[in-house]
Protein chains: 2
Amino acid sequence: MNKKYTIKDIAQLAGVSKGTVDRVLHKRGKVSDDALKKINEVLDVINYEPNLIARNLKNNKVYRICILLPDPKIDPYWLPCIKGIEDAVQEFRAYNFAIETFFFNPEGKKSFLKINETVLEKSPDAVLLPPLFHKETLEVIKKYDELNIIVNTFNNQVQSDSIKSFVGQDLFHSGRVAAKLLDLLLKKGQIAIIHIDESIKNAIHMQEKERGFRNYFSEKQNQDYNITTLKLKNPNVEINFNNFLNENPDLSGIFISTSKAYQIAKVISETKHKKIAVIGYDLIENNVNYLNQGVIDFLIHQNQKRQTYLGVTSIIEFFLFDKQIPNTILLPIDIVNSENASFYIE
Amino acid sequence: MNKKYTIKDIAQLAGVSKGTVDRVLHKRGKVSDDALKKINEVLDVINYEPNLIARNLKNNKVYRICILLPDPKIDPYWLPCIKGIEDAVQEFRAYNFAIETFFFNPEGKKSFLKINETVLEKSPDAVLLPPLFHKETLEVIKKYDELNIIVNTFNNQVQSDSIKSFVGQDLFHSGRVAAKLLDLLLKKGQIAIIHIDESIKNAIHMQEKERGFRNYFSEKQNQDYNITTLKLKNPNVEINFNNFLNENPDLSGIFISTSKAYQIAKVISETKHKKIAVIGYDLIENNVNYLNQGVIDFLIHQNQKRQTYLGVTSIIEFFLFDKQIPNTILLPIDIVNSENASFYIE
DNA sequence: AATATTTATGTTTTCGAGCACAATATTTAT
DNA sequence: ATAAATATTGTGCTCGAAAACATAAATATT
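Thresholds applied
Residues numbered from 1 in each chain as written. Chains lettered and ligands numbered in written order. Predicted model: local features only at pLDDT ≥ 70, side-chain atom pairs only at ≥ 80, totals over all residues. Heavy atoms only, no water. UniProt positions renumbered as here; feature names shortened; annotations may be inferred. Helix = DSSP H or I, 4+ residues; strand = E, 2+ residues; numbered from the N terminus. Pairing = 2+ DSSP bridges. Axes fitted to C-alpha atoms, helices over the stretch in contact; angles between N-to-C directions. Near = heavy atom within 4 Å. Polar contact = N/O pair within 3.5 Å; in protein donor to acceptor, adjacent residues only side chain to side chain. Nonpolar A, V, L, I, M, F, W, Y, C, P; charged D, E, K, R; others polar. Contact = heavy atoms within 4.5 Å. Least-squares fit on C-alpha atoms with pLDDT ≥ 70 in both. Salt bridge = Lys/Arg side-chain N within 4 Å of Asp/Glu carboxyl O. Buried < 20%, exposed > 50% of the residue type's maximum accessible area, 1.4 Å probe, protein only. Right-handed = clockwise from strand over helix to strand, strands pointing away. 1 Å grid on protein atoms, 1.4 Å probe; cavity = no way out; pocket = protein on both sides within 12 Å on 5 of 7 lines; lining within 4 Å. Points joined across faces, edges and corners; volume = space filled by probe spheres on them.

## Observations concerning the UniProt feature "domain: HTH lacI-type" (unreviewed entry) in chain A
Step number 1: As annotated by UniProt and renumbered to match this structure, "domain: HTH lacI-type" (unreviewed entry) occupies residues 5-59 of chain A.
Step number 2: The span residues 5-59 of chain A shows a helical share of 65% and a strand share of 0%, and its end C-alpha atoms are spaced 21 Å apart.

So, in structure tokens, the structure goes:
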């Protein structure tokens, strides 16, 4: 039925040697029309799939993959990524891969450019990175492309022909999910969209989320909401938000576009105030605490761990099994409340 | 640094032949104390990991895995499982596995027992099944165990020493997640827990969900809710629920413990009634339609596809790589609304 | 026609683990 | 002391793909 044919089988069936079969399969060397015909006739009938185990046994090239990651010590958002990388390394440790992670400072473009110099010197076969800085990313990607180094991205999307793949979430829809949740909780009232520490590096991130959030309500044509956008910068986030709260006593819902929801939650929990619905991002410890206390109602989980896991494994499987790297992998937008949070955290 | 050592390397370092090293590694045959000592000294210093590729190349045993699945034509709940199995098969097609799926009628224990006869005749190396019928499952599992056939379960948990592994969700917490969602939407009022077509096969399923649901509210000690349980059976679900609605005009929330929420949603959408919050299970087409219409507020996704995928792959990796099968794999309890549903559906 | 060159095809080795079998060393029995 | 039995160790083959290498056949050059 589905017997596994080998090159030797094909050679026998076609009445040639396995060397000739190999040349046909890999389109190398010259083969006579006669032999080609005979082999193709066999290949048409049977379903040949090369044994990937045997292929990779002989292959002793060490593939080098470099991963660029914002330092989790500076922004804990990136911490789960390390586990995702480790999982991938573990799963494919039988194969010849040298996978190295390089940390850069997410606040500084210089750090990003510098680390790319280091990576270039390693002359890797593939690079995985979050394209936080738009212009700088395009620069470095161009260099990689010229050297035939595969570039995969995660976290946020940047358009470039030099990018082979993107793993992440649809940020526009992520904003819509948040909007739907608030809509369900509130039905009407004043809503604030809060961006904290908006810098160039994640401005697009936040804008997309806001666009989706507003899109949901404008599609509903619901006039019962009053939506304002608030941009706050550390170290004045708490003071300024407190002022905003005092000036807007009727505020009933908040959508925070980054993982800094805990800063807002802190102010709210310290203030006597009617219940405000709060939706934020990411299951970092501070956020989960406020989720469990009931100050934050929902967190949207961006699944960083799986982003890097899939980013790395798709590269590995490309080299090992000639598996095509998907252009885009969109991960589900996980809605998290106090009751299911633990299942998303390792 | 982390050079990969081979048996040949060890043999050279220890000054013996690779045959002897092999005997030590596999504790087979007799080896002199002298040789054992020399080899162990080498093994203490270096970190030997056998090359799994080479090992599996030679291994031409065909492992047989049988999967028992309720017929998706009878209950579409099980449809995604097929994709999960296919994914696993695809991923490991390079290896020698014969993976066969057998369908049984989820309504009938006889069908289940009969299909187990068929599976037994195949003398598989491992079996994956959802233990829907408690007593019957224990019976068949005992037989498998006596024949040294590995038994993995998914969907719902049954206690037995003969079961190697369970993949699924924590149903108690699943009920709590639903409760938390309703609590957030309602704050107070009358809530109905509805079990549809409760039969022995999934009675425990439903009971666990109800237990978690009620546990959440009793923990909160909130007296503002009035929770009643309603058991409905087809073909009278719609009529009986309609009656219930008329008798309870103040009903404000419903939790349906199975994938049949669409039956309830249908009645609600056909009735002039104030908004009732509805939470159900599973992203089957009918449910998602009512989710998009706003009749159902949330669906809890039980991720059947991933359940079977993980159930199968953990068996495969056990045979291939001696990887231990995890006793329990608990999948996250995914909260789904109209905005993120599409990302969970393939 | 004889030799050089190109083109086509077949053979052999390699990768690492695993295991059968052959070879050698040691012990036991007579 | 020597044959036989047993214990220990070494060798070589297998798995399938890949590619280097070797050979054979066909064509070109003088």
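## Some points on the sheet that holds strand β5 (residues 163-168) of chain B
Residues and elements named next belong to chain B.
Step number 1: Taken in spatial order, the six strands of this open sheet run β2-β1-β3-β4-β5-β11, and their pairing is parallel. Both edges of this open sheet fall to β2 (97-104) and β11 (328-330), since each of them pairs with a single strand only. Looking at each pair of strands side by side, their axes are set apart by 15° on average, direction ignored.
Step number 2: Relative to strand β4 (residues 150-154), strand β3 (residues 126-129) runs parallel, the two sharing four bridges. Looking across to β4, one finds that Ala126 is bridged to Ile150.

## Here we look at the protein's contact with DNA strand C
Step number 1: Around DNA strand C, 25 residues are found, and the nearest of them are Ser17, Lys30 and Ser32 of chain A together with Arg28 and Arg55 of chain B.
Step number 2: When the atoms of DNA strand C within 4 Å of the protein are sorted by group, sugar and phosphate make up 65%.
Step number 3: In the model, a base nitrogen of DNA strand C is placed 3.0 Å from a nitrogen or oxygen of the Arg23 of chain A side chain.
Step number 4: Residue Lys58 of chain A places a side-chain N or O atom 3.3 Å away from a base oxygen belonging to DNA strand C.
Step number 5: At the level of elements, α2 (18-25) and α4 (52-58) of chain A together with α2 (18-25) and α4 (52-58) of chain B are the ones that each hand at least two residues to the surface near DNA strand C.
Step number 6: Of the residues in the surface near DNA strand C, the class split is nine nonpolar, seven polar and nine charged.

## Some details on the sheet that holds strand β5 (residues 163-168) of chain A
Residues and elements named next belong to chain A.
Step number 1: Spatially, six strands are ordered β2-β1-β3-β4-β5-β11 in an open sheet, and the strand pairing comes out parallel. Because the sheet does not close on itself, it has two edges, and the strands there are β2 (97-104) and β11 (328-330). On average, adjacent strands in this sheet sit at an angle of 15° to one another, irrespective of strand direction.
Step number 2: Sheet topology places strand β4 (residues 150-154) next to β5; four bridges connect them, and they run parallel. Looking at the pairing, Val151 lines up with Ile163 of β5.
Step number 3: In this fold helix α7 (residues 134-146) packs onto β3 (126-129), β4 and β5, with an angle of close to 165° to the strand it touches most, β3.

## A few points about the relation of the copies chain B and chain A
Step number 1: Under the fitted operation, chain B is carried onto chain A by 0.1 Å of movement along the axis and a turn of 180°, and the coordinates agree to an RMSD of 0.1 Å. Read as a symmetry element, the transformation amounts to a two-fold axis.
Step number 2: Comparing interface residues between copies, 100% of those in chain B also sit at the interface in chain A, which points to an isologous, same-surface contact.

## Side note on the protein's contact with DNA strand D
Step number 1: The environment of DNA strand D is made up of 25 residues, and the closest members are Arg28 and Arg55 of chain A together with Ser17, Lys30 and Ser32 of chain B.
Step number 2: Take the atoms of DNA strand D that sit within 4 Å of the protein: sugar and phosphate atoms are 66% of them.
Step number 3: Take Thr20 of chain B: an N or O atom from its side chain is 3.2 Å from a phosphate oxygen of DNA strand D.
Step number 4: Within the side chain of Lys58 of chain B, a nitrogen or oxygen atom sits 3.4 Å from a base oxygen of DNA strand D.
Step number 5: Of all the elements in the fold, those that place two or more residues in the surface near DNA strand D are α2 and α4 of chain A together with α2 and α4 of chain B.
Step number 6: Along the lines of polarity and charge, the residues of the surface near DNA strand D split into nine nonpolar, seven polar and nine charged.

## A look at the pattern of salt bridges
Residues and elements named next belong to chain A.
Step number 1: With the rule as written, the count across this model stands at 44 salt bridges over all chains.
Step number 2: A salt bridge links Lys135 to Glu136; the shortest N-O distance between them is 3.8 Å.
Step number 3: Taking relative accessible area as the criterion, Lys135 reaches 55% and is therefore assigned exposed.
Step number 4: Overall, Glu136 belongs to the buried group, its relative accessible area being 7%.
Step number 5: In this structure, Asp183 and Lys220 form a salt bridge, with 2.7 Å as the shortest nitrogen-oxygen distance. In this pair, Asp183 sits in helix α8 (residues 171-186) while Lys220 sits in helix α9 (residues 200-220), placing the two residues 37 residues apart along the sequence.
Step number 6: Judged by its relative accessible area of 41%, Lys220 falls in the partly exposed class.
Step number 7: Overlapping salt bridges, with partners in common, bring together Arg64, Glu100 and Lys122 in one network.

## Things to note about the pairing of strand β9 (residues 277-281) of chain A
Residues and elements named next belong to chain A.
Step number 1: Among the five residues that make up β9, five are buried, leaving the element largely enclosed by the rest of the structure.
Step number 2: A two-sided burial pattern is seen for β9, the buried positions comprising Ala277, Ile279 and Tyr281 on one face and Val278 and Gly280 on the other.
Step number 3: Relative to β9, strand β8 (residues 251-256) is paired through three bridges, and the arrangement is parallel. Residue Ile254 lies in a different strand from β9, and its bridge partner there is Val278.
Step number 4: The β-α-β motif built from β8, the intervening helix α11 (residues 261-270) and the parallel element β9 has right-handed crossover chirality.
Step number 5: Bridge count for β9 against strand β10 (residues 298-301) is three bridges, and the pairing is parallel. Paired with Tyr281 across the bridge in β10 is Ile300.
Step number 6: Read from β9 through helix α12 (residues 285-293) to β10, the crossover connection turns out right-handed.

## Thoughts on the UniProt feature "domain: HTH cro/C1-type" (unreviewed entry) in chain A
Step number 1: If you check UniProt for "domain: HTH cro/C1-type" (unreviewed entry), the listed places come out as residues 3-53 of chain A in our numbering.
Step number 2: The straight-line gap between the two end C-alpha atoms of residues 3-53 of chain A is 17 Å; of that span, 61% is helix and 0% is strand.

## Remarks on the layout of surface pockets
Step number 1: Size it by volume and the second largest pocket reaches roughly 1,600 Å³.
Step number 2: Along the walls of the second largest pocket sit 45 residues, with Arg93, Ala94 and Asn96 of chain A together with Lys4 and Glu49 of chain B positioned nearest its centre.
Step number 3: Secondary structure elements with two or more residues in the lining of the second largest pocket: α4, β1 (63-70), α5 (79-91), β2 and α13 (304-321) of chain A together with α1 (7-14), α2 and α4 of chain B.
Step number 4: Residues belonging to the lining of the second largest pocket are distributed by class as follows: 23 nonpolar, 10 polar and 12 charged.

## Comments concerning unusual backbone geometry
Step number 1: A positive phi angle, close to 80°, is found at Asn155 of chain A, a residue other than glycine.
Step number 2: With respect to the secondary-structure elements, Asn155 of chain A resides in the loop between β4 and β5.
Step number 3: Look at Asn155 of chain A and you get buried, because its relative accessible area is 4%.
Step number 4: A positive phi angle, near 50°, is found at Lys27 of chain B, a position not held by glycine.
Step number 5: By secondary structure assignment, the location of Lys27 of chain B is in the loop between α2 and α3 (33-45).
Step number 6: Using a relative accessible area of 76% as the deciding quantity, one classes Lys27 of chain B as exposed.

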